[in-house]
Amino acid sequence: RKEVEQDPGPFNVPEGATVAFNCTYSNSASQSFFWYRQDCRKEPKLLMSVYSSGNEDGRFTAQLNRASQYISLLIRDSKLSDSATYLCVVNVGGGYNKLIFGAGTRLAVHP
Amino acid sequence: NAGVTQTPKFRILKIGQSMTLQCTQDMNHNYMYWYRQDPGMGLKLIYYSVGAGITDKGEVPNGYNVSRSTTEDFPLRLELAAPSQTSVYFCASRINEKLFFGSGTQLSVL
């Protein structure tokens, strides 16, 4: 089993739709969680951290379920500019030097 | 503010050749990382450094070497290039929980 698993997609959605991705992790000792966004052939950029109580940043909502060992990302009112690959990242050790990246979920938003 | 700068952006090597991927950051971050990303895969950590003079292996260090003589620079050395090292390489620096990535180097070994 991979340490961090994501549905590769693609998720094809129309503008304005709500879409959600899940990411499962295998290490129950994982300490912190993040979503990164990666545009085609570009470098990843931090989208948001995921906090235990869940957190929201504009149209984006991240949630953590420690019991079931998954995190989720919800995007409301999708924009064309949201088209990208979303990487789930899990910190399995202290000091952020053991970050495990998922392979990513590809989102394509169409008019 | 340049952030993290990687050179070159593209490179083709022959099997057995050597090269150095350059990485420099101007944010005075202590922590720096080298990742590789194969198609359809997540990023894999090659080496990392917690400060000048200190480096450590990541998940996939074989075939690579690094040095960290200054806070700014963290070059990655491939000594004997192999086709399995064909990948996109990203350098990153970190402050608190946030990674800042360079724009990547696409390397092909033929």
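### Some remarks on the overall build of chain B
Inference 1: Looking only at helices and strands, one finds 0 helices and 11 strands in chain B.
Inference 2: Starting at the N terminus, the α and β elements of chain B follow one another as β-β-β-β-β-β-β-β-β-β-β.
Inference 3: The globule rule puts the C-alpha radius of gyration for 110 residues at 13 Å, and the 13 Å found for chain B is close to it.
Inference 4: Reported as C-alpha extents along the three principal axes, the dimensions of chain B are approximately 35 × 25 × 25 Å.
Inference 5: Relative to its 110 residues, chain B shows a buried fraction of 44%.
Inference 6: Nonlocal contacts in chain B, meaning residues at least 24 apart in sequence, comprise 53% of its contacts between residues at least 6 apart.
Inference 7: A total accessible area of about 5200 Å² is found for chain B, and carbon and sulfur atoms account for 52% of it.
Inference 8: Once the 10 positive and 8 negative side-chain charges of chain B are each reduced to a mean point, those two points are 7 Å apart.

### A closer look at the environment of B:Val4
Residue and element names in this part refer to chain B.
Inference 1: Structurally, the position occupied by Val 4 is in strand E1 (residues 4-7).
Inference 2: A relative accessible area of 11% means that Val 4 is categorised as buried.
Inference 3: Remark: the alpha-carbon pair of Val 4 and Met 32, spanning 28 residues in sequence, is separated by 9.9 Å.
Inference 4: Excluding residues within four positions of it along the chain, Val 4 makes contact with Cys 23, Thr 24, Gln 25, Met 27, Cys 91, Ser 93, Phe 100, Phe 101 and Gly 102.

### A few points about the side chain of A:Ser30
All names here are of chain A.
Inference 1: Structurally, Ser 30 can be placed in the loop between strand E3 (19-25) and strand E4 (32-38).
Inference 2: Of the polar contacts made by the side chain of Ser 30, one reaches the backbone oxygen of Asn 27; its length is 2.7 Å.
Inference 3: Here Ser 30 is in contact with Tyr 25, Arg 66, Val 90, Asn 91 and Val 92, once residues within four sequence places are set aside.

### Notes on the side chain of B:Ser49
Residues and elements named next belong to chain B.
Inference 1: Note that Ser 49 resides in strand E5 (residues 43-51).
Inference 2: A distance of 3.0 Å separates a polar atom in the side chain of Ser 49 from the backbone oxygen of Gly 51.
Inference 3: Separated by 2.6 Å, the side chain of Ser 49 and the backbone oxygen of Ile 54 make a polar contact.

### A look at the state of the cysteines
Inference 1: In this structure the tally under the stated criterion is 2 disulfides over all chains.
Inference 2: Across the disulfide from A:Cys23 sits A:Cys88; the S-S distance is 1.9 Å. Between A:Cys23 and A:Cys88 the sulfur-sulfur dihedral comes to about -70°; the bridge is accordingly left-handed. One end of the pair, A:Cys23, is in strand E3; the other, A:Cys88, is in strand E9 (residues 84-91), with 65 residues separating them in the sequence.
Inference 3: Look at A:Cys23 and you get buried, because its relative accessible area is 0%.
Inference 4: Here B:Cys23 engages in a disulfide with B:Cys91; their sulfurs sit 1.8 Å apart. Taking the sign of the S-S torsion, about -70° here, the bridge from B:Cys23 to B:Cys91 comes out left-handed.

### Observations concerning the interface of chain B and chain A
Often the size quoted for an interface is simply the accessible area lost on bringing the parts together.
Inference 1: Taken together, the 22 residues of chain B in the interface contact 19 residues of chain A.
Inference 2: A buried area of about 1600 Å², summed over both sides, lies between chain B and chain A, and 54% of it is on carbon and sulfur atoms.
Inference 3: Among the residues chain B hides against chain A, the three largest losses belong to B:Leu43, B:Glu97 and B:Phe101. Together they make up 33% of the total.
Inference 4: Summed over the shared surface of chain B and chain A, the number is 0 salt bridges.
Inference 5: At the junction of chain B and chain A, the tally comes to 3 residue pairs in polar contact (both at pLDDT 80 or more).
Inference 6: Only strand E4 (31-37), E5, strand E9 (87-95) and strand E10 (98-101) of chain B provide two or more residues apiece to the side of chain B that touches chain A.
Inference 7: Of the residues belonging to the side of chain B that touches chain A, the class tally is 11 nonpolar, 7 polar and 4 charged.

### What to know about the sheet that holds strand E8 (residues 70-75) of chain A
All names here are of chain A.
Inference 1: Pairing within the open sheet is antiparallel, and its 5 strands lie in the order E1-E3-E8-E7-E6. Looking at the sheet topology across the chains shown, the edges are occupied by strand E1 (4-6) and strand E6 (55-57). Between one strand axis and the next, the sheet turns by 20° as a mean value, whatever way the strands run.

Rules behind the numbers
- Residues numbered from 1 in each chain as written.
- Chains lettered and ligands numbered in written order.
- Predicted model: local features only at pLDDT ≥ 70, side-chain atom pairs only at ≥ 80, totals over all residues.
- Heavy atoms only, no water.
- Helix = DSSP H or I, 4+ residues; strand = E, 2+ residues; numbered from the N terminus.
- Rg over C-alpha atoms; globule rule 2.2 N^0.38 Å.
- Buried < 20%, exposed > 50% of the residue type's maximum accessible area, 1.4 Å probe, protein only.
- Contact = heavy atoms within 4.5 Å.
- Areas by Shrake-Rupley, 256 points an atom, 1.4 Å probe, with all protein chains shown as cover.
- Lys, Arg positive; Asp, Glu negative; His and termini not counted.
- Charge placed at Lys NZ, Arg CZ, Asp CG, Glu CD.
- Polar contact = N/O pair within 3.5 Å; in protein donor to acceptor, adjacent residues only side chain to side chain.
- Disulfide = S-S within 2.5 Å.
- Buried area = accessible area lost by both parts, 1.4 Å probe.
- Salt bridge = Lys/Arg side-chain N within 4 Å of Asp/Glu carboxyl O.
- Nonpolar A, V, L, I, M, F, W, Y, C, P; charged D, E, K, R; others polar.
- Pairing = 2+ DSSP bridges.
- Axes fitted to C-alpha atoms, helices over the stretch in contact; angles between N-to-C directions.

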